[in-house]
Amino acid sequence: MATQGHCAYCFESLAASLEKRPGLSLRQVEALWKKYNADPTTTEALEPPEDAESEESSALSPPDTTDSTYKPAAISRLLAPSPSTASSSSLQSASSTPSGISEASSATSKSSSSSRNNIISKLQQAEQETVEDSPLFVTWNTVSKSGDRRLRGCIGTFEAQELDEGLKSYALTSAFDDTRFNPISARELASLECAVTLLTNFEPASHSLDWDLGTHGLRISFTHHNRRYGATYLPDVAKEQGWTKEETLVSLMRKAGWSGRKDEWKKVDLNVVRYQGKKVSLTYPEWKEWRSWVEEEIADV
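Rules and cut-offs
Residues numbered from 1 in each chain as written. Predicted model: local features only at pLDDT ≥ 70, side-chain atom pairs only at ≥ 80, totals over all residues. Heavy atoms only, no water. Axes fitted to C-alpha atoms, helices over the stretch in contact; angles between N-to-C directions. Helix = DSSP H or I, 4+ residues; strand = E, 2+ residues; numbered from the N terminus. Parallel < 35°, antiparallel > 145°, perpendicular 65-115°, else oblique. Contact = heavy atoms within 4.5 Å. Nonpolar A, V, L, I, M, F, W, Y, C, P; charged D, E, K, R; others polar. Buried < 20%, exposed > 50% of the residue type's maximum accessible area, 1.4 Å probe, protein only. Salt bridge = Lys/Arg side-chain N within 4 Å of Asp/Glu carboxyl O. Expected span 1.5 Å × (residues − 1). 1 Å grid on protein atoms, 1.4 Å probe; cavity = no way out; pocket = protein on both sides within 12 Å on 5 of 7 lines; lining within 4 Å. Points joined across faces, edges and corners; volume = space filled by probe spheres on them. Patch = residues over 30% accessible without salt bridge, like charges linked within 9 Å, V, L, I, M, F, W, Y side chains within 5 Å. Areas by Shrake-Rupley, 256 points an atom, 1.4 Å probe, with all protein chains shown as cover. Lys, Arg positive; Asp, Glu negative; His and termini not counted. Charge placed at Lys NZ, Arg CZ, Asp CG, Glu CD. Phe/Tyr/Trp six-rings, centres within 6.5 Å; stacked < 30°, edge-to-face > 60°. Lys NZ or Arg CZ within 6 Å of the ring centre and 35° of its normal.

An unreviewed UniProt entry annotates the protein as Ammecr1 family protein of Paraphoma chrysanthemicola.

Written out as C-alpha cells, the structure is:
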C-alpha cells in the first residue's frame, strides 16, 4: 500500500533533481518520516542523550556535499554503526575523562550508551528492511490558492518495480516526460501535490462492466478497424470525475484514441483487466515542513 513516505520520497527526488543536489534514499526518507510523525513520547525516546550527541559531533569533520555518496550528518547519525566502531578521536575523548567522575555519573553514561545503542539498532533495522516490488503510478497535480487541483503529469508502469528505484524513476518521468505537458520547472515546485498509487489484485473482468466504481482501476485493450488500442484509468479517476461505468469506459476508449460514436461503444470487443490500488497524496507545504525539520536535524549536529 502506498504511504505519504513514498510521496515524500518522490518530492525529495524531484527537488534534488531540480536543485542539482544528492537526494535521500527511500529507506532514509521512510526512517526520517516515521520519526518526524511519531508522537511526542516516541520522538523523545528516539532522541539521543545530549552528552552522547555532543561527543559524536566532536568527531565529525566537515562533509563534502559535492560527493554523490554524501549523507547529511543527522542522517548519518540515524544510520550510523554502533559505538564499538566509533572513530579513534571519540575513543581518545572518552579515555581522557577525569578519573574523579562519580559512580552515579558513570552509571548514567552507561544507561545513555545503552539507550543510544537501542535507537541505532532500531534505525539500522529499518534501513535493512527489504523494499517491496510493485507496479506503480506517480501523479503530479498543481494546487491553486483556492484548492483546485489540475493534473500536471501522470506516468507509471504495470511491471513490478523495486520501490527505491521505481518511485524515483517515475517521479521524474511523470514530472519531465509526460508529453501532454511541459516539463515541471523549479518555480512550480511550491504549487505541487504528489500522489502515489501502488497497484495490486490484477484480474480479467468477465465482461466490460464487471468492476466497481471507486474500487477498481481499468486497463483496456481492443482492436478497431484493424488498429490496436489500449489505455488505463487508476481506481480513483472515475469516482473523482463523477462518472458512471459507461461514461468511464467511453472516456477511457477516447483516451486510447477511439473516435467512434459514444452510443456504439458496446459494439467494440473490449478486453478489460481490473486492478486495485489506493492513492495516497502529499502537498508541497507538507513535504517542505518535513524537509525543514530534516535540515534542523542536520544543523543540530
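### With respect to the packing of helix α1 (residues 4-19) against helix α11 (residues 284-299)
Running from N to C, α1 and α11 point in directions that differ by 80 degrees, and their axes come no closer than 10 Å. It follows from the interaxial angle that α1 and α11 lie roughly perpendicular. Residue-level inspection shows Q4, A8, F11, E12 and A15 of α1 in contact with α11, the latter providing Y284, E286, W287, W290 and R291. For the contact of α1 with α11, the residue count by class is 6 nonpolar, 1 polar and 3 charged.

### Focus on unusual backbone geometry
For N201, which is not glycine, the phi dihedral falls at a positive 55 degrees. You can see N201 is positioned in strand β4 (residues 200-204). Positive phi, normally seen in glycine, also occurs at H225, with a value near 50 degrees. By the secondary structure assignment, H225 is in the loop between β5 (217-224) and β6 (227-233). For H225, a relative accessible area of 70% puts it in the exposed group.

### As for the pattern of salt bridges
Under the counting rule described, the total for this entry stands at 15 salt bridges. D263 is the partner of R261 in a salt bridge, and the nearest nitrogen-oxygen pair spans 3.0 Å. Among the residues examined, D263 registers a relative accessible area of 52% and is labelled exposed. Residues joined in a network through salt bridges with shared partners are E12, E19, R21, R291 and E295.

### Considering helix α8 (residues 163-176)
The terminal C-alpha atoms of α8 lie 19 Å apart, and with 14 residues this matches the ideal 20 Å at 1.5 Å per residue to within 8%. Taken together, the buried positions of α8 are L163, G166, L167, Y170, A171, L172, S174 and A175. Each element contacted by the buried residues of α8 is listed here: α1, α2 (26-36), β1 (133-143), β2 (149-162) and β3 (192-198).

### Focus: empty space enclosed by the protein
If a probe as big as a water molecule is rolled over the atoms, it shows which places are left empty. Scanning the model with the defined rule gives 2 cavities of 30 Å³ or more in all. Here the second largest cavity defines a volume of roughly 40 Å³. Taken together, the residues of the lining of the second largest cavity sort by class into 6 nonpolar, 3 polar and no charged.

### Focus: the layout of surface pockets
The computed volume of the second largest pocket comes to approximately 690 Å³. Sorting the residues of the lining of the second largest pocket by element identifies β1, β2, β6 and α9 (237-241) as the ones contributing at least two each. Tallying contributions element by element places β2 first for the lining of the second largest pocket, with 6 residues. Here the residues of the lining of the second largest pocket sort into 8 nonpolar, 6 polar and 9 charged.

### Some remarks on a negative patch on the surface
Negative charge collects at one region of the surface, where E30, E132, D133, E162 and E165 lie side by side. A relative accessible area of 44% means that E162 is categorised as partly exposed.

### Section: the environment of Y170
With respect to the helices and strands, Y170 occurs in helix α8. Not counting residues up to four positions away in its chain, the partners in contact with Y170 are L136, V138, I155, G156, T157 and Q161.

### Some remarks on the packing of aromatic side chains
Inspection of the entire model under this criterion finds 13 aromatic pairs. Between W33 and W290, the ring centres sit 5.9 Å apart and the planes meet at 55 degrees, which makes this aromatic pair tilted. Here W290 lies in helix α11 and W33 lies in helix α2, a separation of 257 residues in the sequence. For W33, a relative accessible area of 11% corresponds to the buried category. Between F158 and Y275 the ring centres are 5.6 Å apart and the planes differ by 75 degrees, which places this aromatic pair in the edge-to-face class. Here F158, found in strand β2, pairs with Y275, found in strand β7 (residues 271-276); they are 117 residues apart in sequence, far enough to count as distant. By way of ring pairs, the aromatic residues F11, W140, Y284 and W287 are connected into one cluster. For the cation-ring pair, R219 lies above F158, with the distance from its terminal atom to the ring centre recorded as 4.1 Å. Lying over the aromatic face of W211, K245 brings its terminal NZ or CZ to 5.5 Å of the ring centre.

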